[in-house]
Amino acid sequence: MNENSRIIELKGIGEKTAELFARAGVRTVGDLIRYYPRSYEIFEDPVPIAEVCEGWVCTVSGAVFGRIQVSGNRNMQVTTLYLKDLTGTLKVIWFRMPFLRTTLGKGGALTLRGRVMRKRDGLVMEHPEIYYPSSKYEEKKDSMQPVYTLTAGLTNNAVVKAVRQALECVNARQDILPESLAAKYDFMPYEAAVKKMHFPENKGEFLEARKRFVFEEFLIFTLSLRRLKDREDRAGNTFELRDCPEIDRFLEELPYSLTGAQRKVWNEIRSDMQGDFIMSRLVQGDVGSGKTVVAFLALLLAGLNRYQGALMAPTEVLARQHYENISAMLEEHHIPLQAELLTGSMTAKQKREAYERIESGEASIVIGTHALIQEKVSYRDLALVVTDEQHRFGVKQREALAGKGKMPHILVMSATPIPRTLAIILYGDLDISVIDEMPKNRLPIKNCVVDTGYRKTAYNFMKKQVEDGRQCYVICPMVEESEALEAENVLDYSEMLSEIMGDSVRVGCLHGRMKQQEKDEIMESFGKNEIQILVSTTVVEVGIDVPNATVIMIENAERFGLAQLHQLRGRVGRGKYQSYCIFMTGSKSDETKERLDILNHSNDGFFIAGEDLRLRGPGDLFGIRQSGIMNFKLGDVFQDSVILKQAAEAAGEMLGKDPELRNPEYTRLSSALERYITDQNLEATL
Ligand code: ADP
Ligand code: MG
């Protein structure tokens, strides 16, 4: 038997069990070896009975108090006993185990481990594991038992047994880390580390072992990205983009002056666009930091030099908003350039006309959704592509663009606060600029976290704001079941609110089920203050900019992630008026309270990211996990940021010396790399 053997060759695994394992992705002995536990059960000290709480899984130790009773009928016999220690007694029950009356009836110390529930007559420990006599527990104490991810029908015990056998096949030849690296970072030897991943004796051992595999995971990840991205060398810059007086004039005429950070970033962009190579730059800036105007300057530079620039937004609503703002700016500042909107929902005729204006060069600033880079669009002379609030602008999209002529300059705008190390890896081929300063005219948003009893007060407050000429958002309660219900919910809610607000206030609503045209109309009316209160699902989350809106009230705030709440809140506080964010929650749990408290006390996206991490530990912080390529089995980019950094450095060093990884030392690593790229379908996701 070796790592390639099918698991059916293991003792105790037949066709049926093998099928269950296959559903968990485990087919070979090697798969099983790498099927690391999801968590570990730690057998800690017993707790005094007086301290036991509802919902806990815990261990108690004591003696049987009184008689052990068996009740119920033949199908469901319930065994009940009372366990007593120095601090109190606890009721304990088991189902279908009447024989316990005899086995446990002999007296002496007894240790039980199980979940404590609240029943009509108080706390009850249900169906606990039994350690009798108590010395049996002492033997296990402080050890860690693996807990595996299971599929229906597969028990943890079955996995443990299979893994124990599989581990006999572990040998150093399976190790993919080159020895030089393992030595450099002083990792636990491979064979020992694998074993300790499954059956560590204590936490220290586990953490030592884990470090090695997290490193390995990050290393493969980084190398794969580099392998895919380094293919395209940066092209030379053949566009001639001279400084234009119109841009200086525009900056002078703006009602505000750029912040220092905006100016710094704009200078970086400009010198890139005028430099020897094509620009590839990421601009990171928190919501409301003013990324759009910087992008606009870059688009102007392209357009005024008789090239074209394109701005790609993630949603049609946002694309339209950009289009309208940009058209207005062009007109107001008498800049002789034509903006063009291109989105998927336009009619065939509208699209055809847009294509013509793009092809002829009549349109110099083209704004839209992904439709911008579809095959049918051909540009006369595209010099710049900006993507707004987009996670990545991938290899595929670049290739699509390059196919349309010369490779344009690329600018990626993002509000996602990812740590720098990660940004460097993810956007390894991008230079990074940070807008780390908010416009000065901003008053910090005032936040409050309230319960549903406050709703009436909140409505009154909104009404007052509207009377003062301001506008409000209400983010509607979420409905888990379906988008259809959510739409209905938004409709009901806005009707209800409309009634409360009276005739003088117009309440509009927006949800994902609406036709694009309807959405656009609603957003337009809201933009013009023809609608004062917009009741919406989270459609408004990204990028919408209506500076006159000063209140956002978020229903069911506890159901959103911190990142999403921060994005939603970013819809207000965008102008000179004092703005307010009301987090409405029906939940009384401490966890909710603590989470919302973070937002209540800070408006800083990076700080919030850090706090979220502290509270929740590893997780899908700020949606980065969901971005598809970050599905690490073990590693967590925040918690393990030190290892991530080491892996990134190691990758850089290796590739520097041996770009193709031809050294025989790297053979196994190389094939792991290829496998990873295929398995994760990286070429498509990037
Ligand atoms: P984001 O970075 O979230 O995309 P926007 O670019 O939409 O932010 O800018 C938010 C608002 O701030 C807009 O209404 C914009 O006109 C305004 N703004 C941008 N820069 C400044 C500045 N330097 N001073 C004052 N207001 C600004
Ligand atoms: Mg924006």
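Scroll up a little and you will see the structure.
This report concerns the structure included in the present document. Remember, predicted model here, so these are calculated numbers, not experimental data.

**Digging into the side chain of Ser 5**
With respect to the helices, strands and loops of the structure, Ser 5 is situated in the segment before α1 (15-23). Polar side-chain contacts of Ser 5 include one of 2.8 Å to the backbone nitrogen of Asn 2. Non-local contacts of Ser 5, meaning those with residues more than four positions away in its chain, are made with Arg 27, Thr 28 and Val 29.

**Looking at the packing of helix α19 (residues 562-569) against helix α20 (residues 590-601)**
Where α19 contacts α20, the two axes come as close as 11 Å, and the packing angle between them is 35 degrees. By crossing handedness, the relation of α19 to α20 is classed as right-handed. On the side of α19, the interface is formed by Leu 562, Leu 565, His 566 and Arg 569, while α20 contributes Arg 595, Leu 596, Ile 598 and Leu 599. Considered class by class, the residues forming the contact of α19 with α20 number five nonpolar, one polar and two charged.

**Section: unusual backbone geometry**
Excluding glycine, residues mostly have negative phi values, and the peptide bonds linking residues are mostly trans. For the bond from Tyr 132 to Pro 133, the omega torsion is 0 degrees, close enough to zero to count as cis. For Pro 133, the position within the fold is in the loop between β6 (122-131) and α4 (135-140). Notably, His 127 is not glycine yet its phi reads approximately 45 degrees, a positive angle. Note that His 127 resides in strand β6. For His 127, a relative accessible area of 38% corresponds to the partly exposed category. At Asn 556, a position not held by glycine, the phi torsion is positive, near 55 degrees. Of note, Asn 556 is situated in the loop between β19 (549-554) and α19. When its relative accessible area of 15% is taken as the criterion, Asn 556 is described as buried.

**Observations concerning the site of ligand 1**
Close contacts around ligand 1 come from 18 residues, with Gln 262, Gly 288, Thr 292, Arg 442 and Arg 574 the closest. Gly 288 is positioned such that a nitrogen or oxygen atom in its backbone is 2.6 Å from an oxygen atom of ligand 1. With respect to ligand 1, the backbone of Ser 289 contributes an N or O atom lying 3.4 Å from an oxygen atom. Burial of ligand 1 by the surrounding chains reaches 90%, relative to a free accessible area of 560 Å². Classifying every residue of the shell around ligand 1 by side-chain character gives five nonpolar, eight polar and five charged. When residues are assigned to domains, the shell around ligand 1 turns out to be shared by domain 3 (245-435) and domain 4 (446-602), each giving three or more.

Quick notes on the rules
Residues numbered from 1 in each chain as written. Chains lettered and ligands numbered in written order. Predicted model: local features only at pLDDT ≥ 70, side-chain atom pairs only at ≥ 80, totals over all residues. Heavy atoms only, no water. Helix = DSSP H or I, 4+ residues; strand = E, 2+ residues; numbered from the N terminus. Polar contact = N/O pair within 3.5 Å; in protein donor to acceptor, adjacent residues only side chain to side chain. Contact = heavy atoms within 4.5 Å. Axes fitted to C-alpha atoms, helices over the stretch in contact; angles between N-to-C directions. Left-handed = near helix turned anticlockwise from the far one by under 90°. Nonpolar A, V, L, I, M, F, W, Y, C, P; charged D, E, K, R; others polar. Buried < 20%, exposed > 50% of the residue type's maximum accessible area, 1.4 Å probe, protein only. Near = heavy atom within 4 Å. Areas by Shrake-Rupley, 256 points an atom, 1.4 Å probe, with all protein chains shown as cover. Domains from an automatic or database assignment.

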